[in-house]
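Inside the fold
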Amino acid sequence: MELTKDEQEMLAGSKGEAVKLAMEILTRVGEACGAVRLIPVKSAHIVLAMYKSIFDAGVEVCERFASLNGKFVIPTTLDPCGMDTQNPDYFKTPQKYKEQQLRVVDAYKKMGAIPVWTCTPYLEGNLPQKGEHVGWTESSAVAFINSVLGARSNRETAVIDICIGLTGRTMDYGLHRDENRWGEVEIQLNLEGRELEDSEYPILGFYLGKILGSKIGVLDGMKGSPSIEQLKSLLAGAAASGSVALLHIVGITPEAPTKAIAFGGNTPERTIIVDEMVLKETKDSMSTVSKGKVDLVALGCPHYTINEIGKIAKLMDGKKVNPGVEFWIYTTKSNEMIAERMGIKQKLENAGVKLTVETCMLISPVETWGFKTIVTDSAKCAYYAPMQCKADVRFEDVKTCIESAITGVI
Ligand code: F3S
């Protein structure tokens, strides 16, 4: 790999042992990925954060870098972890789990990470610009910043993310390079001129992930002006059921003002039509259960914004969650504070809805509660919950999720 003089010195240990180790990892993985150089990046986002996924080995990795006096040299935010870090006992967090998670929290504090603990760091101050190179993990966030903001990141991996934050460099391959960002597959939305409804964005994302895998799609025919919330649920679904890291949405993605520009001269490998039937069949495929008792209604994957939280508060007005059901909304600490100031948090609590911060249903020890059936409005949750939470899952629109919370049945 061709390294600058500065990078060669970092590799030789001029900036300490943590940077030296990070450079060793980046250069060796970079060579394996076919990168011939490293490039500077403006920010990092780290997924090596949740004890449920990183296990004891992940804890040791964090502590190793911290003990070597590693310090992040670019803004470096953290993905959700396995619990509310300031309130770890709130959700029956097992003792060992709590202790290990707190070791991770401590290690990142020493290294100077920004503890937003969210999968939506672009809404919490880590907002890359068009054309900016960054090194992020968290599949839903990477898909969002490439597709909506026009920033550039591969779906980096755990450990590499720490190395990026410590060095301010990533490997120059994949989506960092112009030639790898053109569209490959054409997707034509054919809904006879109507706009997608809220719940159809995650359904469409789920379908696109399945058919695209890691190919770059060009989605044309979307009507109206989708909100940030709608786009985040679309892209989280695509990044969960497939490896989508960039989806050109014609008229929205900065690199896709037109379909032709998004393909950059490429001929589409194939054209896929998405119509009413595709959306219906996809929705039917997203659940593992069709009736019966509900244990948990879980919203906020990716983390809910204050707008989404406010919408639930309105829909719950005058209603109560069934005593046999837990109803949790996952969000950020800052959204919780705003909801509290607005009186929304109190309204939700009075209705039996809990705001759960810094974590989510998939990366916290939800299975220790014994939930058998989860109802959600999230395609990503629907995709992973059977594996991660060992529960059946029902995907529904928000109103139907709320009905299930109130009646206690699907
Ligand atoms: Fe975020 Fe957890 Fe979903 S990290 S995208 S809420 S799985």
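Above this note sits the structure.
Quick look at the structure, then. (Residues numbered from 1 in each chain as written. Predicted model: local features only at pLDDT ≥ 70, side-chain atom pairs only at ≥ 80, totals over all residues. Heavy atoms only, no water.)

A closer look at the site of the ligand
Taken together, the residues surrounding the ligand are P80, C119, E138, S140, G300, C301, P302, C360, L362 and K380. It is strand β10 (residues 296-304) that contributes the most residues to the shell around the ligand, three residues altogether. Here the shell around the ligand is composed, by residue class, of six nonpolar, two polar and two charged. (Near = heavy atom within 4 Å. Helix = DSSP H or I, 4+ residues; strand = E, 2+ residues; numbered from the N terminus. Nonpolar A, V, L, I, M, F, W, Y, C, P; charged D, E, K, R; others polar.)

Thoughts on unusual backbone geometry
Cis geometry marks the peptide bond from C301 to P302; its omega dihedral reads -5°. Tracing the chain through its elements places P302 in strand β10. The phi dihedral of N69 is positive, around 70°, even though this residue is not glycine. With respect to the helices, strands and loops of the structure, N69 is situated in the loop between α3 (51-67) and β3 (76-78).

Topic: the side chain of D295
As for its placement among the helices and strands, D295 is situated in the loop between α10 (276-285) and β10. Of the polar contacts made by the side chain of D295, one reaches the backbone nitrogen of T373; its length is 2.9 Å. Once you skip the residues sitting within four places of it in the chain, D295 turns out to touch G324, V325, E326, F371, K372 and T373. (Polar contact = N/O pair within 3.5 Å; in protein donor to acceptor, adjacent residues only side chain to side chain. Contact = heavy atoms within 4.5 Å.)

Section: empty space enclosed by the protein
Any space left empty among the atoms is revealed by the rolling of a water-sized probe across them. In the structure shown here, the tally under the stated rule is one cavity of 30 Å³ or more. Size it by volume and the largest cavity reaches roughly 100 Å³. As for the largest cavity, its lining consists of 16 residues, of which G82, F91, T359, S364 and P365 are closest to the centre. Classifying every residue of the lining of the largest cavity by side-chain character gives nine nonpolar, six polar and one charged. (1 Å grid on protein atoms, 1.4 Å probe; cavity = no way out; pocket = protein on both sides within 12 Å on 5 of 7 lines; lining within 4 Å. Points joined across faces, edges and corners; volume = space filled by probe spheres on them.)

Concerning the pairing of strand β9 (residues 271-274)
Burial of the side chains of β9 is restricted to one face: I272 and V274 are buried, whereas none of T271 and I273 on the reverse face is. In this sheet, β9 lies alongside strand β6 (residues 185-189) in parallel orientation, the contact comprising four bridges. Within β9, the position partnered with Q188 by the bridge is I273. (Buried < 20%, exposed > 50% of the residue type's maximum accessible area, 1.4 Å probe, protein only. Pairing = 2+ DSSP bridges.)

Quick notes on the pattern of salt bridges
Enumeration according to the criterion identifies 33 salt bridges in this entry. The partner of K380 in a salt bridge is E138, and the shortest N-O contact between them spans 3.0 Å. Linking K380 in helix α14 (residues 379-388) with E138 in the loop between β4 (135-136) and α5 (139-149), this pair joins segments that are 242 residues apart in sequence. An identical accessibility class is assigned to K380 and E138; each is buried. (Salt bridge = Lys/Arg side-chain N within 4 Å of Asp/Glu carboxyl O.)

Examining the pairing of β10
Among the nine residues of β10, nine are classified as buried, and the element is accordingly described as predominantly covered. In this fold, the crossover linking β10 to strand β11 (residues 326-331) by way of helix α11 (residues 306-315) has right-handed handedness. (Right-handed = clockwise from strand over helix to strand, strands pointing away.)

Thoughts on the sheet that holds strand β2 (residues 44-46)
The three strands are arranged β3-β2-β4 in an open sheet whose pairing can be described as parallel. Looking at strand neighbours, the two that pair on one side only are β3 and β4, the edges of this open sheet. Pairing analysis gives three bridges linking β2 to β3, with the strands arranged parallel. Residue pairing for β3: H45 is matched across the bridge by T77. Together, β2, β3 and β4 form the strand contacts of helix α6 (residues 160-167), whose direction differs from that of β2 by roughly 145°. (Axes fitted to C-alpha atoms, helices over the stretch in contact; angles between N-to-C directions.)

Considering the environment of V274
Its place among the elements puts V274 in strand β9. The buried category is assigned to V274, whose relative accessible area is 0%. For the pair formed by V274 and G221, sequence separation is 53 residues and the distance between their alpha carbons is 9.8 Å. When near neighbours in sequence (up to four residues on either side) are disregarded, V274 contacts I187, Q188, L189, N190, L191, L204, Y207 and L279.

Observations concerning the sheet that holds strand β8 (residues 247-249)
Read from one edge to the other, the open sheet built from four strands follows the order β8-β7-β6-β9, with strand pairing classed as parallel. Whereas interior strands pair on both sides, the edge strands pair on one side only; in this sheet they are β8 and β9. On average, each strand axis in the sheet is tilted by 20° relative to the strand beside it, whichever way the strands run. Examined bridge by bridge, strand β7 (residues 217-220) and β8 share three bridges and lie parallel to one another. Bridged to V218 within β8 is H248.

What to know about the packing of α5 against helix α8 (residues 228-241)
For the pair α5 and α8, the least separation of the axes is 8 Å and the interaxial angle reads 120°. The pairing of α5 with α8 is recorded here as oblique in orientation. Here α5 runs over α8; the crossing is right-handed. Contact with α5, carried on its side by S139, S140, A143, F144, S147 and V148, involves I228, L231, K232, L235, A236 and A239 of α8 and no other residues of that element. (Parallel < 35°, antiparallel > 145°, perpendicular 65-115°, else oblique. Left-handed = near helix turned anticlockwise from the far one by under 90°.)

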